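Chain and residue survey
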Amino acid sequence: MATEALRSQVGKKWQDSFARLNHGEPGISGLMTFSQASAWVLLTDFVRPRDLNDPAPPNEYNMELVKYAFDLVSQCRRLPAMLEAYLDDVRQYFYLIKRDVDQYMEQYETSLDPEIISRLVYRLFKWFNAWLPISDLGQTIRAAYTLDFQTQLFAILPPSFVSGFKAYCASTLPPFDPDVTQRTLSGEIWDIFEILGLLDRYESVIASVGYEHIETYVLSTCTGKWEAAMLPELRNWMSHKIVPWMLMMYARGAATNDDAVAMLASVGSRFDFHMTKTLCDLRTREIFDIIIDFPESAPALEDLKECLQRVDQRAALVKSLRKANHKRLLHPGADTKLILSQYVATIKCMRIIDPPGVLLFKVADPIRRYLRDRPDTIRSIVANLVGDEDTGDSLVDDNEPPQPLHQIEIEDYSDPNWEPEPIDAGPNFRANKHTDVLGTLVSIYDSNDLFIKELQILLAQRLLAITDGNTEKVERERRNIEILKIRFGESALQVCEVMLKDMTDSKRIDGHVQSQMASIVHPTIISKHFWPMLGSDEIIMPGQFQTFQEQYAKEFSTFKPDKRLRWLPHLGAVHLELLLEDRTLEVDVPPLEAAFIELFSEKNVWSIDELMTRVGPISKGAALKALLTWVDKGVLKEEGDGSFKLLEVAETVKPVDPAPIVEEQKPTVFPAQQHQAEQMRVYWKFIEGMLTNLTALPLERIQAMLHFAPGYDQTIEQLSAFMDAARREKLVDVREGLWRLTTKA
Amino acid sequence: MEQISATIPPRSPQKTTVPSTTPQGVGSVQKRLGNELMTLMMNASPGISAFPKHDGNLFEWAGTIEGPAGTIYDGLTFKISINFPSNYPYVPPAIKFDTPCFHPNVDITGGAICLDILQDKWSAVYSVQTILLSLQSLLGEPNNASPLNSEAANAWNNPDIFKAHLMRHYRPVNNA
């Protein structure tokens, strides 16, 4: 602060200096007319900050004079003091600027118009220029002034300025909406920003504006758009819209193109990275739905693949997909078929994203484990293998050539094309590059045997469902089996082969029998040992049916003397023509229904118990169902006391409600699970065998030895329970952990 | 447990015993032996039985033969060892008695058996089951024309002396 004391002191020093300078030389006229003190005064007055709002015009100075005074001060080495005094003045007058700033900011806070910020910045620039010392005073002074001005400015800027500044920067960005015209960009304001030091100070704010802008753009354009590759489009957008903006921001000083490129290199790659990351995160969040949409969403997967190469988000992708799978797929509400198809889609998608299969392995593990616990998984897979026509699209791509299923391969280290496992592969990772989708599905289970078994059962169902010796359908099954043979091997499907042969043989035998003695019975003759267990509720067909059966069986035994027919009447179907007093009905019904209606030709009223004793051991539920079929057809009528009456004349009062659609019953073939009791019997034989020959064994050895039994899949706990049960039956006993057979007394 | 066993590839223990054969051939032999085991377990004839000695190795079996009823061996049980060669069934398995068996066609010390179907009359259609059945019937009907144990062959027509010899050598299975 230029106090009086200071001035006099300075004046005194000036005097001394001048005396020293002058060396008593007389003739410096300028010096004579321009006294020492007045030089200082003139100069300080000249550089003193003035109020822009002051309407009075600035004082006119004689520049010659000012220059002279400056030289004088400089010669006296009083410049530092002079500068200090000047900066003090700046600080003192800064309240003028603050008044302006406050005024603008108040306006901004009410209107939130970024334009105000730009006006404020222009205004600040005006202040800055007004107070700027003339260039003649030298760079040092200017630099000192600039620094001081900036410091003061930052101190007075209110916090809301940051958000305002951000809003302004954002407003300079190219808008997403093509209808909104972009704010005309002037490089000028950025220069001002630079001069005022705002760019340096708010660099992170500007960058965040860029990031946020990119983020919003990516999210608004790419969300849910999977059927086109977005990445090239985004890059295009970046280079057309964002790069010009960045040029202004970061490469204003660039003289040539190359300079600009160099200046933008680091910031540009950061922006590009951010864009990639945003897209990657977005796709990671959407991955589950992308997989659902596959193959329409393939471009999105290609994008994701490229993103993952740039941004290391593989772990996040796995985590996200696993979480989504857990939440949306692996729960009791989801249909097994759905889980399977999603799994297959996942396999295909992950192969696009990550060909080595590491991601797939990580993602697939929970799905596979879940599927293994589902009882109907095998059934669904097999149903798909044989291609149910009603299931719609098949899990397995028909174009994929069927390949034999591979066993676990030991790595061939002598392979010149050998590659190590990918770096993020887990310890259990198995590269299954050779297996196709079906192979992957089958490998959910440790052995193929379960599949073969289920396949047989399904084949049995489908073959038995074929009526009228429809050879075309049999041929189709044969083709299926031929394809599956390639996968599972010839010998595994031998049983299926026999089943198919039975079908053609049946037709041939039937043809022969019919030629000998025409019969209305057309049986399918199956080899008992090669077919899965078929339900065995034995209906004794009454009346004419029985006669037909017997006649046929007789003819058959003359044709094939070494074979015997055992009828499975419950698996057939009967075409009937009912002749009633007033009407004739033609119906296709299951044999039990036919047996019942046959009995009604003996007498008109039967009780359900009577009927059941005539047809043999069937459940009451089944009997009732069969009778109700006839009631629905209006042939029988239920009397109150559990008996049924034949309606020779149709009742006039027809039931108004339409007959319920009777669900077509598939032939009863027991699913694989019911083979378990049968299996346990086999295991017991093995246990017996090993204990007979090896005398006494610990449980672990028994468990290990049981793997000789085909398809053994019990855990040691299950075995332990089984052995305990056997001990209670006094078949075995255990001493010191060794199991042995009880010696026969 | 399940998890672990699921990831371990199946062992191939036969490798050490028959290194000369190709895996292909061993596989088919194993398959045949597995099938024979299955048949034997499921359709066992009374008094005969056999089972592999070690898990994972189908080439070494232990067998049990009960003396057929109505013969001098009635009520006695004999243990035998069966070793299958790697080119089974083109070559018969090597079989010997582990329980000392006083019999005209059995070596009392080494347990070697003199039976034509185990030597020159062997055919690939025979199986463990047919071998065991043959051995069982051999007990009751020795071939005294080519005795391995001439003492036994001489004593065969004198049941009391034969029985005394037999019981002197015989050791019950569970003490073995």
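Quick caveat, the model's predicted, so the values are computed rather than measured.

1. Regarding the confidence of the model for chain A
Residues and elements named next belong to chain A.
- Chain-level pLDDT for chain A is 76 on average; 81% of the residues reach the 70-or-more range.
- Mean pLDDT per element in chain A: helix H2 (residues 29-33) is the minimum at 45, and helix H15 (residues 314-328) is the maximum at 88.
- Ignoring residues within four places in sequence, the model shows residues 29-33, a span with pLDDT below 50, making five contacts including any to other chains.
- For the stretch residues 653-667, pLDDT sits under 50, and the model shows eight contacts to residues farther than four places along the chain or on other chains.

2. Comments concerning the interface of chain A and chain B
- Contacts between the two partners involve 22 residues from chain A, matched on the other side by 24 residues from chain B.
- At the boundary of chain A with chain B, total buried surface from both sides reaches about 2,000 Å², with 64% on carbon and sulfur atoms.
- Here chain A and chain B share one salt bridge between them.
- Linking B:Asp55 and A:Arg701 is a salt bridge whose minimum nitrogen-to-oxygen distance equals 3.8 Å.
- Counting the contacts that link chain A with chain B gives six residue pairs in polar contact (both at pLDDT 80 or more).
- A total of nine residues in the side of chain A that touches chain B trace back to one element, the largest contributor, which is helix H27 (residues 676-694) of chain A.

3. What about the nonpolar core?
Residues and elements named next belong to chain A.
- In terms of nonpolar packing, the biggest core is built from 140 residues, with Trp131 and Phe149 touching the most fellow members.
- In terms of residues, this core owes the most to one element, helix H5 (residues 79-111), which gives 13 residues.
- Looking at which domains feed residues into this core, each of domain 1 (16-201) and domain 2 (394-410 + 431-528) gives three or more.
- Residue contacts for Phe149: discarding those within four places in its chain leaves Phe94, Ile97, Leu124, Trp127, Phe128, Trp131 and Leu196.

4. Things to note about helix H29 (residues 716-728) of chain A
Residues and elements named next belong to chain A.
- Look at H29: 18 Å from first C-alpha to last across 13 residues, which is about the 18 Å you get at 1.5 Å a residue.
- Those residues of H29 not exposed but buried are Leu719, Met723 and Ala726. One side of H29 carries all its buried residues, which in axial view fall inside an arc of 55°. Summarising the geometry of H29, the exposed residues directed more than 90 degrees from the buried face are Glu717 and Arg728.
- Directly beyond the C-terminal end of H29, a positive phi value near 60° is found at Lys730.

5. What to know about the packing of helix H21 (residues 471-488) of chain A against helix H22 (residues 494-516) of chain A
All names here are of chain A.
- Where H21 contacts H22, the two axes come as close as 10 Å, and the packing angle between them is 160°. Our classification of the angle between H21 and H22 gives roughly antiparallel. For the pair H21 and H22, the sense of crossing is left-handed. Contacts from Thr471, Val474, Glu477, Arg478, Ile481, Glu482 and Lys485 of H21 reach H22 at Cys496, Glu497, Leu500, Met503, Thr504 and Lys507.
- Broken down by class, the residue content of the contact of H21 with H22 amounts to five nonpolar, two polar and six charged.

Definitions and cut-offs
- Numbers given for residues are sequential positions, taken from 1 along each chain in its written order.
- A letter from A marks each chain and a number from 1 marks each ligand, given out in the order of writing.
- Local features are withheld for residues below a pLDDT of 70 in this predicted model, meaning they are given only at 70 or higher, and side-chain atom pairs are given and counted only at 80 or more; totals for whole chains, interfaces and linings count all residues.
- Remark: hydrogens and water are excluded; side-chain values derive from all non-hydrogen atoms of the structure.
- On a scale of 0 to 100, pLDDT captures the predictor's confidence in every residue.
- Starting at the N terminus, helices and strands are each numbered in turn, a helix being any DSSP run of H or I of at least four residues and a strand any DSSP run of E of at least two.
- Any two residues having at least one pair of non-hydrogen atoms within 4.5 Å are treated as being in contact.
- Each of two parts loses accessible area, computed with a 1.4 Å probe, when they are put together; buried area is these two losses added.
- Whenever a carboxyl oxygen of Asp or Glu lies within 4 Å of a side-chain nitrogen of Lys or Arg, that contact is scored as a salt bridge.
- The term polar contact refers here to a pair of N or O atoms within 3.5 Å; inside protein, the definition further demands a hydrogen-donor-capable atom paired with an acceptor-capable atom, and it admits residues adjacent in sequence only when both atoms are side-chain atoms.
- Nine residue types can take part in a nonpolar core, namely buried Ala, Val, Leu, Ile, Met, Phe, Trp, Tyr and Cys, and a core is a set of them joined through side-chain atoms within 4.5 Å.
- The cut-offs for exposure are 20% and 50% of the maximum accessible area for each residue type, with area from a 1.4 Å probe on protein chains only; residues under the lower value are buried, those over the upper are exposed, and the others partly exposed.
- Where each domain begins and ends is defined by an automated method or by a domain database.
- Between the first and last residue of a helix there are one fewer steps than residues, each counted as 1.5 Å, and that sum is the expected span.
- The directions considered for the arc run from the helix axis to the C-beta atoms.
- Each axis is a line fitted through C-alpha atoms, and for a helix only the stretch in contact is used; angles between axes span 0 to 180 degrees, taken between their N-to-C directions.
- An angle below 35 degrees is read as roughly parallel, one above 145 as roughly antiparallel, one from 65 to 115 as roughly perpendicular, and any other as oblique.
- Crossings are classed by handedness, with left-handed meaning an anticlockwise turn of the near helix from the far one by less than a right angle and right-handed meaning a clockwise turn.
- Each residue gets one of three labels, nonpolar for Ala, Val, Leu, Ile, Met, Phe, Trp, Tyr, Cys and Pro, charged for Asp, Glu, Lys and Arg, and polar for the others, Gly among them.

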